[in-house]
Amino acid sequence: MHNNKNRVIVFGLDGGTFALLQPLMDEGRMPHMKQIIERGVSGILNSTIPPVTAPAWTSFATGKNPGKHGLYDFVVKDNNNDMVMANSRRIIGKKIWNILSDHKKKVGIINFPISYPLEEVNGFMISGFISPLNAKTYSYPPELFSQIGDYIINVKALKIKKGCNPTTKEIQKFVDENIRAIELRNKTFRYLIKEKEWDFIYILFMEFDKIQHAVWKYLDRNEAQYPKGEIYEYILKCYQRIDVILGEIFEEMDDKTSLIIVSDHGFCSKKKYFFINLWLNKNGYLNRNLTQLITDKIKEITEFKNNAILPSKITNVFRNYGLQKIKAPSSDLFIPPSHEILLRYINLLKTKAYCPSTSSNGIFINLKNRDRYGIVEEGKEYDRIRKEIRDKLLTLKDEETGKNIFENIYFSEQIYHGSALKFAPDLILSPAEGYVLLSSLMSLYSKNLVKVTTSEGTHHPEGIFIAVDKKIIKNGLRIDNTNIIDIVPTILYLMGLSIPSDMDGKVVTSIFKETFLESNPPVFSDVKDNDFEAVQDKVYSADDEKQIIDELKSLGYLG
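Residues numbered from 1 in each chain as written. Predicted model: local features only at pLDDT ≥ 70, side-chain atom pairs only at ≥ 80, totals over all residues. Heavy atoms only, no water.

Time to look at the sheet that holds strand 12 (residues 353-354). In sheet architecture, strand pairing relies on hydrogen bonds along the backbone and comes in two forms, parallel and antiparallel. Taking strand neighbours across the sheet as the criterion, the four strands line up as 12-13-15-14 in an open arrangement whose pairing is antiparallel. Either end of the sheet is taken by a strand with one partner, and the two such strands are strand 12 and strand 14 (406-411). Across two bridges, strand 13 (residues 362-365) lies against strand 15 (residues 427-431) in antiparallel orientation. Bridge pairing in strand 15 links Ile 363 to Leu 427. (Pairing = 2+ DSSP bridges. Helix = DSSP H or I, 4+ residues; strand = E, 2+ residues; numbered from the N terminus.)

Given below as structure tokens:
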């Protein structure tokens, strides 16, 4: 430990990527970020596998891999191996604000994605993404939320007709909503840093992620069919507002404050969808709940113009699912209530493997003596099926381009370790750039691979890392090979605290001036990894879950 009393501001930019930000800086459109980089250090920040908000930000906050903190996705397995929505109580181990609170440091957390229900900290906390609309409180202490005035926790994703691009008017309205959320969050931030004591503060802006999911191709310079004119300029207002806020923070920093700018992942264009559960079905690993599937599909196509029924469309539904007539429902086609929302179209009693959500990028083997409705025998059968699926997917090629659809496929134990490993997907899929998994079984497409014809973007594993201060961090240095789990150990070192030995991340020593490193070597404290004890009490009501699932679907996280 050392005597440095540095305060730290973490400025989170969900979905921030140098692929977009660097050209904007080069053109002088984000001068403040450019100045900060010139005065500090910067580089690619490698995300988790998969590069998804829930595991990535949780890995940031804990300094640990998902095998220790337990969040692999927005939906996770509980102790009964049932799929449930992630929430703050399902995160295993201490987050940085818990560690700092233990050391009597004052902390402030604004908009961390999986912070509901709120927890007590030595400071304050304002809830973030996937907080229910009807929560009892959105802050700790509870009275804080009413004190800060107008505030927007979450801007709903841009909803557009399936297969269509948003109109100019829709995009402008959406950008305006996001800018308003930015302004209110910044107003809250400035109020709190002046009125409250703090040693560490984290603030997240999710607006880049929201916008890029909807209209990335308007921002991507390689997408010639999406003109970089009026729409492009309007969208950039959001980025330029963030840049001004960064400039204000940097300008007001004293020599005892460090600023760290991070994103949970980067971004790229969606090129093609791969329907993973459809592939599993065609290859004999997954059995569909056709009764529920066809019922819902007919309901979807008939819910317009006073529920007018179009016989030709209904006939097409049966034809596309390979049926000439629908059979009477059989009891073994229905799924217990706990699986209704996420796995409603899968007949688990006859399924060997399935993908529960688009954002999981994972396949679960339906294993006996582990999963409630498991049918796959432990041992040889499990090993055979897992290897068989991996090998088939790794050799799968895009017939149009001849390229592999998957960059890599891992067994869970190859990339995760810790007490929660047994709750990880059995296979973790890393699609090649531009390919996106969809878990949906609602599609009527006969092909597994379908072109994306809309303006949407998707996650990329390379995020951003920028660090600056006026005393101990180097100037103008570009660094590589930094991982999202390295940020918290580095912050603890900055603040003169020991690094718990159970963290997987390392101190990024290369960002510090040599004289500081020589006189202040990192110190580690002996801490044992937490045993897995998921909280069993129900956090979300049925209405809460539906609202959260709808939002995750609109962002493309759930099939």
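Further remarks concern the packing of helix 8 (residues 207-219) against helix 9 (residues 230-252). Two elements in contact, helix 8 and helix 9, have axes whose closest approach is 11 Å; the angle formed by their N-to-C orientations is 150 degrees. In terms of orientation, helix 8 lies roughly antiparallel with respect to helix 9. For the pair helix 8 and helix 9, the crossing hand works out as left-handed. On the side of helix 8, the interface is formed by Glu 207, Phe 208, Ile 211, Gln 212, Val 215, Tyr 218 and Leu 219, while helix 9 contributes Ile 231, Tyr 232, Ile 235, Leu 236, Cys 238, Tyr 239 and Ile 242. Broken down by class, the residue content of the contact of helix 8 with helix 9 amounts to twelve nonpolar, one polar and one charged. (Axes fitted to C-alpha atoms, helices over the stretch in contact; angles between N-to-C directions. Parallel < 35°, antiparallel > 145°, perpendicular 65-115°, else oblique. Left-handed = near helix turned anticlockwise from the far one by under 90°. Contact = heavy atoms within 4.5 Å. Nonpolar A, V, L, I, M, F, W, Y, C, P; charged D, E, K, R; others polar.)

Now for unusual backbone geometry. That bond from Ile 49 to Pro 50 is cis: its omega, 0 degrees, falls within 30 degrees of zero. Mapped onto the fold, Pro 50 is located in the loop between strand 2 (41-46) and helix 3 (53-62). Between Tyr 116 and Pro 117 the backbone carries a cis peptide bond, its omega angle lying at 0 degrees. By the secondary structure assignment, Pro 117 is in the loop between strand 5 (107-110) and strand 6 (123-126). Although it is not a glycine, Ile 130 adopts a positive phi angle of roughly 55 degrees. By relative accessible area, which is 6% here, Ile 130 ends up buried. (Buried < 20%, exposed > 50% of the residue type's maximum accessible area, 1.4 Å probe, protein only.)

Our focus in this paragraph is the sheet that holds strand 1 (residues 7-13). Pairing within the open sheet is mixed, and its nine strands lie in the order 7-6-5-8-1-9-19-2-20. Both outer strands of the open sheet, strand 7 (139-140) and strand 20 (477-483), are each paired with one neighbouring strand and no more. By the bridge criterion, six bridges tie strand 1 to strand 9 (residues 257-262) in an arrangement that is parallel. When the sheet's bridge partners are listed, Ile 9 is paired in strand 9 with Leu 259. Relative to the sheet, helix 1 (residues 18-26) contacts strand 2, strand 19 (462-468) and strand 20, its axis offset from that of strand 19 by approximately 50 degrees. Packing against the sheet, helix 3 makes contact with strand 1, strand 8 (200-205) and strand 9, and its axis sits at approximately 170 degrees to strand 8.

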